[in-house]
Every structure is written in structure tokens, then in C-alpha cells.
Amino acid sequence: MIKTMLAAAALAGGAAQAGAWPERPVTLVVPLSAGGSTDVTARLLAEKLQAQLGQPVVVENRTGAGGNIGAAYVAQAKPDGYTLLMSTSTLTTNVTLYKHMPLNVEQDLIPVAQVALIPNVLMVNKDFPAQTLAQFVDYVRDKKGPLYYGSAGNGTSQHLSGALFNNMVQGEMVHVPYRGGAPANADLMAGQVQAVFSPLVEVLPYIEGGKLRALGVTTPQRSARLPDVPAVGEALPGFEIVLWNGVFAPAGTPAEVVDRLNTAIGKVLQDPAVRQTFADQGSTPVGGSPAEFKQIVGSEIVKWGKLVKLSGAHID
């Protein structure tokens, strides 16, 4: 009887604590470098969430191991709603890419809300002979010359986009991994590599400035930001690479906290200023329930796992 009463009291105390959340600042961990597209989106989200939650939301960068270090830090944090993760589709890719993962993505984290979808864009040097997507497909398929494509590293979305493209056209494109997207794009402009599939938000200035030529976006539909650039799937039916980012909480976080945070993020994503910022970046706001995001994470682990195996990439 006493144990039952104590258990009931503990549950009541937990519910009261969850109901009062947040009573102090919330930390949003970004497992990638400051200044990158995910970091920029996280800081915009954090700024707007403060008004919704009544407490500051502080962005903290914890980088390394393709985002695994920051994700593992959050997974091991106290599940009280005060330490959250802003991660990307890379998290689901890492499940297959890394031989030794420091966390179980589906068991150690709770998907709270998907935030945005981001296309990759196939770019070539402005002096490259292929002027259109169709010409590029023919160039690769007919092996008209050596073609090196850069990426931000083995197993990144840039790498997997190129691997899928090469497989579908049965070409002989050679992957050149870099330590990040910026040096890959710099070498593309210098003509050291001939192509890069890069997140649109990171390369819009180069495209609009005429330094790089955009040939295709990797999403099923064209981007409103580049309406004259076709989807790669228009030339290669079935080709699709869609990047995303979203917010996660440690497993065990009270459902009341998860639901309140999900509602707050949903309201932020309806903010006209936020939607305009996303549109300027070429991103699409998403939102949705925790259950919907959980289902997406599960299916993305399967999808990206197949692409990792196709590429042959692995990290021990």
C-alpha cells in the first residue's frame, strides 16, 4: 500500500513538473558547425521559440563524427525537456554508415517535430561543356570524359546523391570527398572537380552570382527558388534525394513536454517571417505531429541505408 502511494506521488510530481515546463532556459544542441545551414535554421527557430515558451532557447554546437557526438550527448541527457537536439537526415544515414554508433537513434531519441525540407542541387563549373541536365546525363552516360564530383565527405548527402545518379546512368563518375561542403564548392569553381550535389541553401549565392551553373534539384518537384531548374527526376525518373532537419528529445521526456514543444514549433513554422526566410533559402517548412515524424525517421533509416550500401561508403 505504501509503495503504491509513493509511486502515485512520484507520478503526480512528474506530471506537475512537466506541466510547469519550461521554468528555465532550454538548450538546443546542433551537432554540426556554427554558420552552416542547420545552425542558421536552429538559431532562427530558437529565437522564435523563446516567445512561444517564455524562456530563452540557447543554441549549443557540439560537433564531430558526422553529428553523432551531439546526438549522443542529447540522448544521454536528463529527459526533462531542457536539452534538445536539432539534427538532420544525416542522423538516419549514420545508422548504416557507421559501424559503431554511440546511440540507438530509434530507441534513445524522441522525434518531436520535423522542421524543414532542403533540396540538393546538381552544379557544374560555369565552363563545363554540359549546359543542361539532359546534356549532363548524356555526358556521364556516354563517358565523354573523366568526371569527378566533390562532396562534403564519405556518406554525406552530396556523396549519396552522386552515387545514386552515377548508378542510374551507369556512368563512371569518380567521388572526391572533402572535409566539408565549402572546400568542395571552392574546387568546383576552380575547375578541380566537375560537379557537386550541394544543399541549395549553401550555394544560392554562387548560382545567382553566375559562379556555378545549376542543372537540377534532387527533390521530386522543382524548387520555387529556382523555378527554371528542372528536377533531376525529370530526366531520371525515380531519382529523389530530400534532406531535412528536425528537433529531437531524449527518450523518457514527458509526453506533455514533447506535445507542448511540438505545438510551439508548429506555431513558429507558421510565422510569415520564418516562412519567408525559408523560402529565401530554398527550404520548405514542414511541422507535423511527433508520431508522423517518428514514422518518417524509421522510413528514412531504411531509405538512406540502401543509398549508403549502394555507394559503398562506411566508417568503422
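For clarity, every value in this text was computed on a predicted model and none was experimentally measured. (Residues numbered from 1 in each chain as written. Predicted model: local features only at pLDDT ≥ 70, side-chain atom pairs only at ≥ 80, totals over all residues. Heavy atoms only, no water.)

**Looking at the overall build of the protein chain**
Scanning the protein chain for helices and strands turns up 13 helices and ten strands. Whereas a compact globule of 316 residues would reach a radius of gyration of roughly 20 Å, the protein chain reaches 21 Å, a difference of no more than 12%. Projected onto its principal axes, the C-alpha coordinates of the protein chain cover approximately 80 × 40 × 30 Å. Burial analysis of the protein chain (316 residues in total) assigns 51% to the buried set. Here the contacts in the protein chain between residues at least 6 apart in sequence split such that 77% fall between residues at least 24 apart. Here the protein chain displays about 14,200 Å² of accessible surface, and carbon together with sulfur accounts for 53% of that area. (Helix = DSSP H or I, 4+ residues; strand = E, 2+ residues; numbered from the N terminus. Rg over C-alpha atoms; globule rule 2.2 N^0.38 Å. Buried < 20%, exposed > 50% of the residue type's maximum accessible area, 1.4 Å probe, protein only. Contact = heavy atoms within 4.5 Å. Areas by Shrake-Rupley, 256 points an atom, 1.4 Å probe, with all protein chains shown as cover.)

**Some words on unusual backbone geometry**
Pro 22 follows Trp 21 through a cis peptide bond whose omega is -5°. Take Pro 22: it is sitting in the loop between α1 (2–20) and β1 (26–30). Even without being glycine, Ala 65 reaches a positive phi, approximately 55°. With respect to the helices and strands, Ala 65 occurs in the loop between β2 (57–61) and α3 (68–75). Residue class for Ala 65 comes out partly exposed when judged on its relative accessible area of 37%. One non-glycine residue with positive phi stands out, namely Lys 143, at about 50°. Classification of Lys 143 by relative accessible area gives partly exposed; the value is 41%.

**Quick word on the nonpolar core**
In this structure, Phe 136 and Phe 165 are the most contacted members of the largest nonpolar core, which totals 47 residues. At six residues, the largest contribution of residues to this core is made by helix α13 (residues 290–311). If you count residues domain by domain, this core takes at least three from each of domain 1 (26–118 + 243–311) and domain 2 (119–234). Once you skip the residues sitting within four places of it in the chain, Phe 165 turns out to touch Leu 122, Phe 136, Val 137, Val 140, Met 173, Phe 197, Val 232, Leu 236 and Phe 239. (Core = buried A, V, L, I, M, F, W, Y, C linked by side-chain atoms within 4.5 Å. Domains from an automatic or database assignment.)

**Quick notes on the confidence of the model for the protein chain**
Predicted coordinates in areas of low pLDDT are best not read in detail. Mean pLDDT over the protein chain stands at 92; residues scoring 70 or higher make up 94%. Confidence drops under pLDDT 50 across residues 1–17; counting only partners more than four residues distant or on other chains, this segment forms zero contacts. (pLDDT = per-residue confidence, 0-100.)

**Let's talk about the environment of Ser 37**
Examined against the element boundaries, Ser 37 turns out to sit in helix α2 (residues 37–53). A sequence separation of 162 residues divides Ser 37 from Pro 199, and the C-alpha atoms of the two residues are 8.5 Å apart. What Ser 37 contacts, discounting residues up to four positions off in sequence, is Val 201 and Glu 202. Within the structure, Ser 37 has its side chain in polar contact with the side chain of Glu 202 (distance 3.4 Å). (Polar contact = N/O pair within 3.5 Å; in protein donor to acceptor, adjacent residues only side chain to side chain.)

**Concerning the pattern of salt bridges**
A complete count under the given rule lists eight salt bridges for this structure. Notably, a salt bridge pairs Asp 39 with Arg 43, separated by 2.9 Å at the nearest N-O pair. Placement of both Asp 39 and Arg 43 in helix α2 is noted, with a separation of four residues, approximately one turn of the helix. Note on Arg 43: relative accessible area 38%, which makes it partly exposed. (Salt bridge = Lys/Arg side-chain N within 4 Å of Asp/Glu carboxyl O.)

**Observations regarding the pairing of strand β10 (residues 284–287)**
Burial along β10 is one-sided: Pro 285 and Gly 287 are buried, while Thr 284 and Val 286, pointing the other way, are not. When strand β4 (residues 109–125) meets β10, the two strands line up antiparallel, connected through three bridges. Bridge pairing links Leu 117 to Thr 284 in β10. (Pairing = 2+ DSSP bridges.)

**Remarks on the packing of helix α7 (residues 157–169) against α13**
One way to put it is that α7 packs onto α13 with a least axis distance of 9 Å and a crossing angle of 70°. What the angle tells us is that α7 and α13 run roughly perpendicular. In this structure, the crossing between α7 and α13 has a hand that is left-handed. Here Ser 157, His 159, Leu 160, Ala 163, Leu 164 and Asn 167 of α7 lie close against α13, whose contacting residues are Trp 304, Leu 307, Val 308, Leu 310 and Ser 311. Grouping the constituent residues of the contact of α7 with α13 by class yields seven nonpolar, four polar and no charged. (Axes fitted to C-alpha atoms, helices over the stretch in contact; angles between N-to-C directions. Parallel < 35°, antiparallel > 145°, perpendicular 65-115°, else oblique. Left-handed = near helix turned anticlockwise from the far one by under 90°. Nonpolar A, V, L, I, M, F, W, Y, C, P; charged D, E, K, R; others polar.)

**What about the side chain of Asp 39?**
Asp 39 gets classed as buried once you look at its relative accessible area, which sits at 3%. Engagement of the side chain of Asp 39 in a polar contact is seen with the side chain of Arg 43, the distance being 2.9 Å. Residue contacts for Asp 39: discarding those within four places in its chain leaves Val 30, Ser 33, Ala 34, Val 59 and Asn 61.

**Some details on helix α6 (residues 133–141)**
Regarding α6, the residues found buried are Leu 133, Phe 136, Val 137, Tyr 139 and Val 140. The arc that holds the buried residues of α6, viewed along the axis, is 160°, so those residues lie on one side. Each element contacted by the buried residues of α6 is listed here: β4, α7, β7 (195–199), β8 (212–217) and α10 (232–235). Remark: Lys 143 follows α6 within two positions and exhibits a positive phi of approximately 50°. (Arc of directions from axis to C-beta.)

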